[in-house]
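Report on the structure
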Amino acid sequence: MLYSEKVMDHFTHPRNVGEIPDADGVGEVGNAVCGDIMKMFLKIENNVIVDVKFKTFGCGSAIATSSIATEMIKGHTVDEALTLTNKAVVEALDGLPPAKIHCSVLAEEAVKAAIADYYKRQGIDKEIPGACDGNCECCPSAEEHGH
Amino acid sequence: MEKRFVYADNAATTAPSREAIEAMMPALTDEWGNPSSLHTKGQRAKELIEQARATIADRLGAMRSEIYFTSCGTEADNWAIRGAAYANVKKGKHIITSKVEHHAVLYTCEQLEKEGFEVTYLDVDGDGRVYPEQVRDAIRPDTTLVAIMYANNEIGTIMPIEEISAVCKEKGVLFFTDAVQAVGNVPIDVHKLGVDMLSLSGHKIHAPKGIGALYIKRGIRIQNLINGGGQEAGKRSGTENVPYICALAKAIEIATDKLGEVYKIARKRDRLIDTVLKTIPNSRLNGPREGRLAGNANFSFDYIEGESMMLLLNEEGICVSTGSACSSRSLEPSHVLLAIGLPHEKAHGSLRISITHETTDEDIDYILQKLPEVVLRLRLMSPLYNG
């Protein structure tokens, strides 16, 4: 099988699918031309991510990385969520095929984009290293991220 | 509906038939001699090959000496193009093909470009068709070969091969057609078609993988493919795969016998296409409604991606394929879907369902039940869908 059991589990039974209408931060990365878009919604109280939802257009691993990324940040502080790396996502899924590593990068970027949006709404002037501006040019950026 | 296993990826490969497997057995058990050996054991194996060659020639309207066995369709494609290109360099180094060919043809042409040849890649219309006039307009004094597939492996478009062939004949240019997907779907008579070369593959018509053939019209000279013991009239050396050659002949025999029943497959496919387009909003058929392979259906579904569709259908026991980039090694979606003018996002959301004689009405019912569920399930996860 192309994917690990963990990936298949998160793909076929994705956690936290949906939207949060009154989200405190929303991030969207990727584009339809490249074949994957991730949109992440955060509900934040006292600097803690109390709820998170996602919607993803993409392949099995794009859905699985979104799903596990939401699990990995839910209940954690914003600062903790910012330390989420694509490598951690890959490890949590028991690995991804080489051609799918960029999906984990998108998941990391989606979280960062949502937090960047939260900062913006709160008027917090903080730079987030590695945050995606939502205009991913899939092939080159995947390459930049060591894909 | 009870869970079923439905194999609907017959454009990728087909199940070897019992008859094809049985046809291999004599060459594996008793007649295992080397066909090049002059003793009885060898000559019995040689006879098996020549019988198979005669059967295939007969079914294609060719002569025995015009059929050459290869290890696969890709090998036959590579050989036809490279062989003809290099045999005719004195005349010129220009080749014409189309943008929707199989990679076995496209990448061979790209390699030839690196080696100093010039290649024209013809556009296709929205249904994936090349027109004879385009070929006529593209032929130059230094053109030596035109290579256009008989039927497209992704969207099932059947090309006007006879007409293109006539243009090539008139212009004195060689014409090769990759008929890997066409054999068993349309009647093939090489003389009526007027082609100079034609490739085919065993595993698309219920023979095992690892066997193909190239028809080379008598009098057409192309470069030898493999040097060695002089098998296949010295053009393609290597001890022959006798069992698979026997299986290929049997498979072609059955496939051509069943040509009269192809309409039954087309009828099932039409029910599939009509129902999918009717019951799933924002879906489209890729490729033509008429003039397509009987077993081929190719759809695009808006807002979702093909690999995830394929995987979820697989979870339901349904095997299909997709032209999405995510299922390929590159980040580009299918070159065929892009060539017919589909935007990237629609090409990513494509699904190919390819059926065969073995596909039952119950199989179609099962697909028609599961596919809308899978599409909706993914759409509800998609940020692009506002249903």
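Thresholds, definitions, all that
Position numbers for residues start from 1 in each chain and track the written sequence from start to end. Ligands are numbered from 1 and chains lettered from A, in the order in which they are written. Local features in this predicted model are restricted to residues whose pLDDT is 70 or higher, and side-chain atom pairs enter the listing and the counts only when it is 80 or higher, whereas totals over whole chains, interfaces and linings include all residues. Side-chain descriptors were evaluated using all non-hydrogen atoms of the structure, hydrogens and water having been removed beforehand. Only DSSP runs of H or I covering at least 4 residues are called helices, and only runs of E covering at least 2 are called strands; the numbering of each starts at the N terminus. The length a helix should cover is 1.5 Å for every residue beyond the first. The cut-offs for exposure are 20% and 50% of the maximum accessible area for each residue type, with area from a 1.4 Å probe on protein chains only; residues under the lower value are buried, those over the upper are exposed, and the others partly exposed. Throughout, the arc means the angular range of directions from the helix axis out to the C-beta atoms. We define a nonpolar core as any set of buried Ala, Val, Leu, Ile, Met, Phe, Trp, Tyr and Cys residues linked to one another through side-chain atoms lying within 4.5 Å. The contact criterion used throughout is that any non-hydrogen atoms of two residues lie within 4.5 Å. Exposure above 30% relative accessible area and the lack of any salt bridge qualify a residue for a patch; like charges then connect within 9 Å, and the nonpolar side chains Val, Leu, Ile, Met, Phe, Trp and Tyr within 5 Å. Using a 1.4 Å probe, the Shrake-Rupley method yields the accessible areas, and only the shown protein chains count as cover for residues. A pairing counts as a salt bridge when a side-chain nitrogen of Lys or Arg comes within 4 Å of a carboxyl oxygen of Asp or Glu. What counts as buried area is the accessible surface, traced by a 1.4 Å probe, that two parts surrender upon association, with contributions from both included.

**Things to note about helix H2 (residues 40–60) of chain B**
Residues and elements named next belong to chain B. Taking 1.5 Å per residue as the helical rise, H2 with its 21 residues ought to reach 30 Å, and the 30 Å between its terminal C-alpha atoms agrees with that figure. Turning to H2, its buried residues number three or more, namely Gly42, Ala45, Leu48, Ile49, Ala52, Arg53, Ile56, Ala57 and Leu60. End-on, the buried residues of H2 take up no more than an arc of 165°, which puts them together on one face. Exposed positions of H2 whose direction lies more than 90 degrees from the buried face are Thr40 and Asp58. In the stretch just after H2, Gly61 is the one whose phi turns positive, near 75°.

**A look at the nonpolar core**
Taken as a class, soluble globular proteins show a tendency for nonpolar side chains to be buried jointly. In this structure, Phe301, Ile353, Leu371 and Leu378 of chain B are the most contacted members of the largest nonpolar core, which totals 70 residues. Among the elements that make up this core, the one with the highest residue count is helix H5 (residues 101–122) of chain A (10 residues). Dropping the residues within four chain positions of it, Leu378 of chain B is found in contact with Phe11 and Ile63 of chain A together with Ile304, Ser308, Met309 and Leu312 of chain B. One finds Ile96, Leu193, Leu198 and Tyr215 of chain B within the second-largest nonpolar core, a separate group that totals 59 residues.

**Observations regarding a nonpolar patch on the surface**
All names here are of chain B. On the surface, a nonpolar cluster with roughly 250 Å² of combined accessible area is contributed by Ile21, Met25 and Leu28. Here Leu28 lies in helix H1 (residues 18–29). The exposure class of Leu28 is partly exposed, given its relative accessible area of 46%.

**Observations regarding the environment of Gly323 of chain B**
All names here are of chain B. In this fold, Gly323 is placed in the loop between strand S11 (318–319) and helix H11 (335–339). On the basis of relative accessibility, which here comes to 11%, the residue Gly323 falls in the buried class. Along the sequence, Gly323 and Leu338 sit 15 residues apart, while their C-alpha atoms lie 9.9 Å from each other. What Gly323 contacts, discounting residues up to four positions off in sequence, is Pro333, Ser334, Leu337, Ala347 and Ser350.

**With respect to the interface of chain B and chain A**
With 20 residues of chain B at the contact, the number on the chain A side is 25 residues. Summing both partners gives a buried area of about 2,000 Å² for chain B against chain A, and 70% of it is carried by carbon and sulfur. Remark: the boundary between chain B and chain A carries one salt bridge. Salt-bridge contacts for Glu307 of chain B lead to Lys100 of chain A; the nearest nitrogen and oxygen are separated by 2.8 Å.

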